[in-house]
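# Descriptive analysis of the structure
Chain by chain, the residues run as shown.
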Amino acid sequence: MATRSLSTALGIEMSLSGRAWRWRGGNMALEDGAASLENDIVAQLLMTRGVAQDDIERHAKPTLRDFLPDPSEFRDMETAAERIVQAVLGGEAVTIYGDYDVDGATSAALLVSLLRDLGADANYYIPDRLLEGYGPSGEALVRLAEQGSSLIVTVDCGAMAFEALEQAHTAGIDVIVVDHHKCAAELPKAAALVNPNRLDENDLAASHGHLAAVGVAFLLAIAIVRTLRKRGYFETRKEPDLMGLLDLVALGTVADVAALHGLNRAFVAQGLKVMARRDRIGMAALIDASRLKRAPQCSDLGFALGPRINAGGRVGESTLGVRLLTTDDPEEARQIAEQLSALNEERRAIEAEVQEAAEAQIASQHNQSVQVLCGEGWHPGVIGIVAGRIKEKTGKPAIVIALDEDGTGKGSGRSISGVDLGAAIIAARESELLVAGGGHAMAAGLTIDRDKLSAFVEFLDQRLARDVDRARQSQSMQLDLALAPGGLTPSLVETLDGAGPYGVGWPGPRVAVGPVRIIKADIVGKDHLRIIAAGEDGRSLKAIAFRAAETEMAQTLLHRSAGRRFHLAGRAKIDDWGTRPQAELHLEDAAFAD
């Protein structure tokens, strides 16, 4: 094994995708096969992700005990808990007002489940994406109060809902905001506003600004139970199982693309264990509808379970996700899960149409630092997904806007590492370029009038051009280890997984395999590249590059590989479709080896 500092990996300064290859830092070239690394590879992976050597044990197996902060450190947390406890003890009707995405659905399901377990009268309200849009409306809050709710808790929304909360305040309605989106210096009027991204937060709470809303809701759940315990509430009744809520926290955290470091890694690691128990009827039905034959892994939350919950809010009925995650009826759960799967297929078709139309506009925007694409008739429910696809394709932040006939646009944006899109959207709103807008560093939403589009694009260019240039220049293929084909084994994949869960802010390990010669290369499915390669160690490997058929990398490997040797880079995964599991490479890049 050779350990390297952050430097050129395998001498590659220009790959087939146009990137330099770099060691992530203190990384490994396996010159003697994978076996020599089995004892310390997890430690190496953790250190290259920022863990100090004397803190490896805590991060190797993240638990809540080691990472959970005292909820009372967060501003308004005790106030929020006291008001909710008052509602529980007083028999008040409480409504949880959630967003229509996965984070909103899981946050709402978490608090509804907890409150019902505590014997409270708890219900939920999820706005319709098309008819009501994002965030609480004053009309809806007043209507819920008129229907009997004396306390409303917004989750995953509300941090920037100034007008709606002012209307509720004027009507004498108690509203608690539980959110994680960026806040302005001025806060809306609320009975309590719990958000680690408040500008007036203390350092400890602010260090948890990467939490999804469902993570903040879980901290509130702890504070509620702790307050009730002090009041003697559990002397005659069983305490709720807070750990049993972690399946919801894990799903919402991963699906909302929250950074998986610190507390979030503990949430997801422990939440996956809870999910594997299949105690939550709706979650078990969702797993079955996703055709998973094993316990869910971290990647399944983002690519299988999350999209189905999201489909309800995007192209179907916005309440389906919360209904599924709170029902105690197995048959109802099965029906909702199947309905969400069908809606997810419908969403895919709509998404493909919008993406094709959006990509047609890219060529005329080659000088823009942020891709701003808009069109009439685009379905607002898929614009966030399309923005993510455009970001991946161009390497730039992307905003996709669906325009109404009246000239109002609803937009959704996705950013790249190093570019704070949420802060830029808030600044644009404060500059009166937007009707509404907010978000966090990697994702944002907005409402804009058509006649402000040009000024908005110019504003983004002036504010973000330098950040985008800097972020793109630093983009490279970062590798963790290199090995010959014989080293790519199921045992190695299992070892690599030991430093997970992986996600945003905690990147999954990339391996380079080579040098190899291409034995076979073809296209499978619609546009997936599949190759079989042989190494100088006499072993072969299978690799697949998803949605890559038209890329320069694929065309080179398909048509210009004869007599050439290559290094292949990507993620080591397990292919368990055959009679016995085998390791394969999910190919992301390739480079000539000579």
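About the criteria used
- Residues numbered from 1 in each chain as written.
- Predicted model: local features only at pLDDT ≥ 70, side-chain atom pairs only at ≥ 80, totals over all residues.
- Heavy atoms only, no water.
- Helix = DSSP H or I, 4+ residues; strand = E, 2+ residues; numbered from the N terminus.
- Rg over C-alpha atoms; globule rule 2.2 N^0.38 Å.
- Buried < 20%, exposed > 50% of the residue type's maximum accessible area, 1.4 Å probe, protein only.
- Pairing = 2+ DSSP bridges.
- Axes fitted to C-alpha atoms, helices over the stretch in contact; angles between N-to-C directions.
- Contact = heavy atoms within 4.5 Å.
- Parallel < 35°, antiparallel > 145°, perpendicular 65-115°, else oblique.
- Patch = residues over 30% accessible without salt bridge, like charges linked within 9 Å, V, L, I, M, F, W, Y side chains within 5 Å.
- Areas by Shrake-Rupley, 256 points an atom, 1.4 Å probe, with all protein chains shown as cover.
- Salt bridge = Lys/Arg side-chain N within 4 Å of Asp/Glu carboxyl O.
- Lys, Arg positive; Asp, Glu negative; His and termini not counted.
- Charge placed at Lys NZ, Arg CZ, Asp CG, Glu CD.
- Core = buried A, V, L, I, M, F, W, Y, C linked by side-chain atoms within 4.5 Å.
- pLDDT = per-residue confidence, 0-100.
- Right-handed = clockwise from strand over helix to strand, strands pointing away.
- Left-handed = near helix turned anticlockwise from the far one by under 90°.
- Nonpolar A, V, L, I, M, F, W, Y, C, P; charged D, E, K, R; others polar.

### Details of the overall build of the protein
On a plain count of helices and strands, the protein comes out with 20 helices and 18 strands. Against the globule reference of 25 Å for 594 residues, the protein gives a C-alpha radius of gyration of 25 Å, in line with a compact fold. Taken over the C-alpha atoms alone, the protein extends approximately 75 × 60 × 45 Å along its principal axes. The buried share of the protein, taken over its 594 residues, is 57%.

### Brief notes about the sheet that holds strand 11 (residues 436-440)
Spatially, the 5 strands line up as an open sheet ordered 8-9-10-12-11, and their pairing is mixed. Looking at the sheet topology across the chains shown, the edges are occupied by strand 8 (371-376) and strand 11. Here the strands of the sheet are splayed against their neighbours by 15 degrees on average, with no regard to which way each runs. Pairing geometry for strand 11 and strand 12 (residues 443-449), over 5 bridges, is antiparallel. When the sheet's bridge partners are listed, G437 is paired in strand 12 with L446. Strand contacts of helix 16 (residues 383-394): strand 8, strand 9 (398-403) and strand 10 (408-414), with the helix running at about 50 degrees to strand 10, the strand carrying the most contacts. Sitting on the sheet, helix 17 (residues 421-430) is in contact with strand 9, strand 10, strand 11 and strand 12, with an inclination near 160 degrees to strand 11.

### Thoughts on unusual backbone geometry
Going from G500 to P501, the amide bond is cis rather than trans, its omega being 5 degrees. Structurally, the position occupied by P501 is in the loop between helix 19 (490-497) and strand 14 (511-524). Cis geometry marks the peptide bond from G514 to P515; its omega dihedral reads -5 degrees. Of note, P515 is situated in strand 14.

### As for the packing of helix 11 (residues 263-277) against helix 13 (residues 298-315)
Between helix 11 and helix 13, the least distance of the axes is 9 Å, while the angle of their chain directions is 70 degrees. It follows from the interaxial angle that helix 11 and helix 13 lie roughly perpendicular. Between helix 11 and helix 13, the contacting residues are V268, L272 and M275 on the first element and C298, L301 and L305 on the second.

### With respect to a negative patch on the surface
A surface patch of negative charge is lined by D404, E405, D406, D449 and D451. Relative to the helices and strands, E405 is located in the loop between strand 9 and strand 10. For E405, a relative accessible area of 82% puts it in the exposed group.

### Brief notes about the pairing of strand 14
The side chains of a regular strand alternate between both faces of the sheet. Across 3 bridges, strand 13 (residues 477-483) lies against strand 14 in parallel orientation. Following the sheet pairing, L483 is matched in strand 14 by V513. As paired elements, strand 14 and strand 17 (residues 566-575) share 4 bridges and run antiparallel to each other. Opposite V513, over in strand 17, you have L568 as the bridge partner.

### Some details on the nonpolar core
Residues L110, V153, F218 and L587 are the most contacted members of the largest nonpolar core, which totals 139 residues. A total of 12 residues in this core trace back to one element, the largest contributor, which is helix 9 (residues 213-230). With 25 residues, the next largest nonpolar core counts V370, I416, A427 and F459 among its residues.

### Brief notes about the sheet that holds strand 5 (residues 149-155)
Taken in spatial order, the 5 strands line up as 4-3-5-6-7 in an open sheet, and their pairing is parallel. Edge positions in the open sheet fall to strand 4 (121-125) and strand 7 (192-194), since each of these has one partner strand only. Across the sheet, the mean angle separating the axes of adjacent strands is 20 degrees when strand polarity is ignored. Here strand 6 (residues 174-178) pairs with strand 7 via 3 bridges, running parallel. Note on strand 7: the bridge partner recorded for V177 is L193.

### Topic: the pattern of salt bridges
For the structure on display, the rule yields 40 salt bridges. The shortest N-O distance in the salt bridge between E392 and K391 comes to 3.3 Å. Looking at E392, the relative accessible area reads 60%, which means it is exposed. Judged by its relative accessible area of 17%, K391 falls in the buried class. One salt bridge in this structure joins R564 and D594, with 3.8 Å as the shortest N-O distance. Here the residue R564 occupies a position in the loop between helix 20 (552-559) and strand 17, and D594 occupies one in the segment after strand 18 (582-592), the gap between them amounting to 30 residues. Ionic contacts of the salt-bridge type, sharing partners, join the residues R75, D76, R198 and D200 into one network.

### Structural notes on the confidence of the model for the protein
Averaged over the protein, the pLDDT score is 92; the fraction of residues at 70 or greater is 96%. This model gives residues 1-5 a pLDDT under 50, and the stretch forms 20 contacts once residues within four places in sequence are excluded.

### Points about the pairing of strand 9
Within strand 9, 6 of the 6 residues are buried, which leaves the element mostly enclosed by the surrounding structure. One ladder, built from 6 bridges, connects strand 8 with strand 9; its direction is parallel. Counterpart to L373 in the pairing with strand 9 is V400. For the crossover that starts at strand 8, traverses helix 16 and ends in the parallel strand 9, the hand is right-handed. In the sheet, strand 9 pairs with strand 10 via 6 bridges, with the strands oriented antiparallel.

### Examining the packing of helix 6 (residues 138-146) against helix 7 (residues 162-170)
Helix-helix packing is described using two parameters, namely the angle between the two axes and the distance between the axes. At their nearest, the axes of helix 6 and helix 7 sit 8 Å apart, and the two run at 30 degrees to each other. As far as their axial angle goes, helix 7 and helix 6 are roughly parallel. For the pair helix 6 and helix 7, the sense of crossing is right-handed. Across the interface between the two elements, G138, E139, L141 and V142 from helix 6 touch A164, L165, Q167 and A168 from helix 7. For the contact of helix 6 with helix 7, the residue count by class is 5 nonpolar, 2 polar and 1 charged.

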